[in-house]
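Take a look at the letters that make up each chain.
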Amino acid sequence: MAEEKRSFLEPAVLARLMALPLHARQTMLGSVSGKHRSPVKGSSLEFAQYRKYVPGDDTRRLDWRTWGRSDRFYIKEFEADTNLRLCLLLDTSGSMGFGPAGATRLDYARKLAGTLAYLAAQQGDAAGLWSMAEPAIEIPPKRGASHLGLVLDQMGTIQPLGGTTLLAALHNAAEKIRQRALIVILSDFFVPPIELKSAIQHLRFRRHDVAAFHLLDQQELDFDFDRPARFVDMEGGEMVLADPSLIARNYREAVRQYLMEMDELVRTTGMDYHRVKLHDRYEDVLARFLLGRTPKRGSR
């Protein structure tokens, strides 16, 4: 049963991506030692800075060479490394069911999210899951194989249903995830960009590292229909019979305007944004995501 629930994980893909570590783009506040920078100074081998000695400091950390040169006491501080808290926010609104059975938008999102959770766990980081389903799923990030199993099993049970609660869920996550984390949102983002911007800024205000996979189908962008068709609102059930030749121009202009507003949102929030077409290989999408977060040589 567990294997069936986790069928979105592909061992061959996991094996290839294991060579690409998952990095945070900013300092993290973890619970144990790990591979990611912490704002708290610690005891790694990476020098951080000197600061003046104050009564109460550990005298073993005094830098005697600096004292010899300046006749002043300085403490030598080093970077601390900690673990990453990965929070996966999965949109489960009805439109995530777009696509053929077994290859829907939600199926694609599950592959991305499940693979990231697995990679994070393998490098000793914590993974958690938030879904906007009813009832909502809120699994705080933790480390360990059994917790990863819980995240993956819950991910496998999610079904796309109803209207979007994305904005409320993002604000809710910003309030509840108090410790710095890498928050990865997987959604079609069918919400007004101006309202989405407010939710992303809320997460950034909480000092989270925010990344997003914007999942779109080429058909949604091109609107390449050539005969009258019945269009169904996947989040409300409303049906409209329309002639594409009469609405295609306005539709494409609306899509163009929407994508421009999304680009502006990304520029102003600093979100790590990835626009993904559902025919893209998810392995390639994740490889670009992981490589794009690799620190440049000489930086941490």
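In the block above lies the structure referred to throughout.
Heads up: these notes are all about the structure in this document. (Residues numbered from 1 in each chain as written. Predicted model: local features only at pLDDT ≥ 70, side-chain atom pairs only at ≥ 80, totals over all residues. Heavy atoms only, no water.)

Examining the packing of aromatic side chains
Right, so step 1: In total, this model carries eight aromatic pairs according to the counting rule given.
Right, so step 2: Seen in terms of ring centroids, W64 and W67 are 6.0 Å apart; in terms of plane orientation they differ by 80°. Their pairing is edge-to-face. A residue pair is termed a helical-turn pair when its members lie 3 or 4 positions apart in one helix, as W64 and W67 do in helix α3 (residues 64-70) at three residues.
Right, so step 3: What links up through ring pairs into an aromatic cluster is the set F223, F225, F231 and Y251. (Phe/Tyr/Trp six-rings, centres within 6.5 Å; stacked < 30°, edge-to-face > 60°. Helix = DSSP H or I, 4+ residues; strand = E, 2+ residues; numbered from the N terminus.)

With respect to the pairing of strand β7 (residues 209-216)
Right, so step 1: Most of β7 is tucked away: eight of the eight residues are buried.
Right, so step 2: Across six bridges, the pairing between strand β6 (residues 182-187) and β7 is parallel. Across the sheet, L186 pairs through a bridge with F213, a residue of β7.
Right, so step 3: Read as a crossover between parallel neighbours, the route from β6 over helix α7 (residues 193-205) to β7 is right-handed. (Buried < 20%, exposed > 50% of the residue type's maximum accessible area, 1.4 Å probe, protein only. Pairing = 2+ DSSP bridges. Right-handed = clockwise from strand over helix to strand, strands pointing away.)

Here we look at the environment of F225
Right, so step 1: If you trace the backbone, F225 turns up in the loop between α8 (218-222) and β8 (229-232).
Right, so step 2: Residue classification places F225 among the partly exposed positions, given a relative accessible area of 31%.
Right, so step 3: Put simply, F225 and D243 are 18 residues apart on the chain and 8.8 Å apart in space, counted from C-alpha to C-alpha.

Considering unusual backbone geometry
Right, so step 1: For D71, which is not glycine, the phi torsion reads 65° and is therefore positive.
Right, so step 2: Checked against the element boundaries, D71 lands in the loop between α3 and β2 (74-82).
Right, so step 3: Look at F189: it is not a glycine, yet its phi comes out positive at around 50°.
Right, so step 4: F189 sits in the buried class, given a relative accessible area of 0%.

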